[in-house]
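# An overview of the molecular structure
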Amino acid sequence: MALRRRMIGGLPREVQDAGLVVRGIFADDGALERARAWARGVLVRRGLDPEGSPLRASRALRAEDPRLTPAAARWLVAHLEKDPGDAAGRSPRSRRLR
């Protein structure tokens with residue numbers, strides 16, 4: 001199941017739910033930070049650069065924890081450094097479409 005391109009209606013449902021999957025796996029108050037720390041550790045051990053090869057990084061995370069869906073693993077790789085609640089983590093949609 002590959003990530004689909006963004007459409008006028010926003011992100012596909014599977015991508016919207018990816019953050020929920022990650023938070024569900026690491027379920028507690030610090031879920032996102034724990035998920036990020038875990039993902040960074042996996043990628044450092046495997047010598048992978050998430051910015052240089054996000055697909056390999058996503059696959060490595062899924063190999064380490066098969067509960068991650070492909071979309072959730074990709075979402076986690078994309079949000080290793082930024083908070084998805086920040087404006088920087090939101091979809092770069094035109095103001096006219098909001």
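Okay, so let's go over this structure. (Residues numbered from 1 in each chain as written. Predicted model: local features only at pLDDT ≥ 70, side-chain atom pairs only at ≥ 80, totals over all residues. Heavy atoms only, no water.)

### Quick look at the overall build of the protein chain
Within the protein chain, the secondary structure is distributed over five helices and zero strands. Counting across all 98 residues of the protein chain, residues that qualify as buried make up 32%. Accessible surface computed for the protein chain: about 6700 Å², of which carbon and sulfur atoms make up 51%. (Helix = DSSP H or I, 4+ residues; strand = E, 2+ residues; numbered from the N terminus. Buried < 20%, exposed > 50% of the residue type's maximum accessible area, 1.4 Å probe, protein only. Areas by Shrake-Rupley, 256 points an atom, 1.4 Å probe, with all protein chains shown as cover.)

### So, helix α3 (residues 31–46)
With 16 residues, α3 extends 23 Å from end C-alpha to end C-alpha; this agrees with the ideal 22 Å at 1.5 Å per step. The set of residues buried in α3 consists of Ala31, Leu32, Ala35, Arg36, Ala39, Val42 and Leu43. The buried side chains of α3 occupy one side of the element, clustering within an arc of 130° when seen end-on. Pointing more than 90 degrees away from the buried face of α3 are the exposed residues Val44 and Arg45. Gly47, located one to two residues past α3, shows a positive phi value of around 65°. (Expected span 1.5 Å × (residues − 1). Arc of directions from axis to C-beta.)

### Some points on the nonpolar core
Ranked by internal contacts, the top residues of the largest apolar core, which has 19 residues, are Val22, Leu43, Leu61, Leu68, Trp75 and Leu76. Elements represented by at least two residues in this core include exactly α2 (18–25), α3, α4 (54–64) and α5 (70–78). (Core = buried A, V, L, I, M, F, W, Y, C linked by side-chain atoms within 4.5 Å.)

### Some words on the packing of α2 against α5
The geometry of α2 relative to α5 is characterised by a closest axis approach of 8 Å and an angle of 85° between their N-to-C directions. Classified by the angle their axes make, α2 and α5 are roughly perpendicular. For the pair α2 and α5, contact is made by Ala18, Gly19, Val21, Val22 and Arg23 and by Ala71, Ala72, Trp75 and Leu76, respectively. Of the residues belonging to the contact of α2 with α5, the class tally is seven nonpolar, one polar and one charged. (Axes fitted to C-alpha atoms, helices over the stretch in contact; angles between N-to-C directions. Parallel < 35°, antiparallel > 145°, perpendicular 65-115°, else oblique. Contact = heavy atoms within 4.5 Å. Nonpolar A, V, L, I, M, F, W, Y, C, P; charged D, E, K, R; others polar.)

### Concerning the side chain of Ser58
Residue placement: Ser58 occurs in helix α4. Judged by its relative accessible area of 5%, Ser58 is buried.

### Concerning the pattern of salt bridges
Under the criterion given, the structure shown has four salt bridges. Glu64 serves as the salt-bridge partner of Arg45, at 3.1 Å between the closest nitrogen and oxygen. Of the two residues, Arg45 sits in helix α3 while Glu64 sits in helix α4, which places them 19 residues apart along the sequence. Across the pair Arg46 and Glu64 runs a salt bridge whose closest N-O atoms are separated by 3.3 Å. With Arg46 in helix α3 and Glu64 in helix α4, this residue pair connects regions lying 18 residues apart in the sequence. Given a relative accessible area of 42%, Arg46 falls into the partly exposed group. When its relative accessible area of 36% is taken as the criterion, Glu64 is described as partly exposed. By sharing partners, the salt bridges in this structure join Arg45, Arg46 and Glu64 into a single network. (Salt bridge = Lys/Arg side-chain N within 4 Å of Asp/Glu carboxyl O.)

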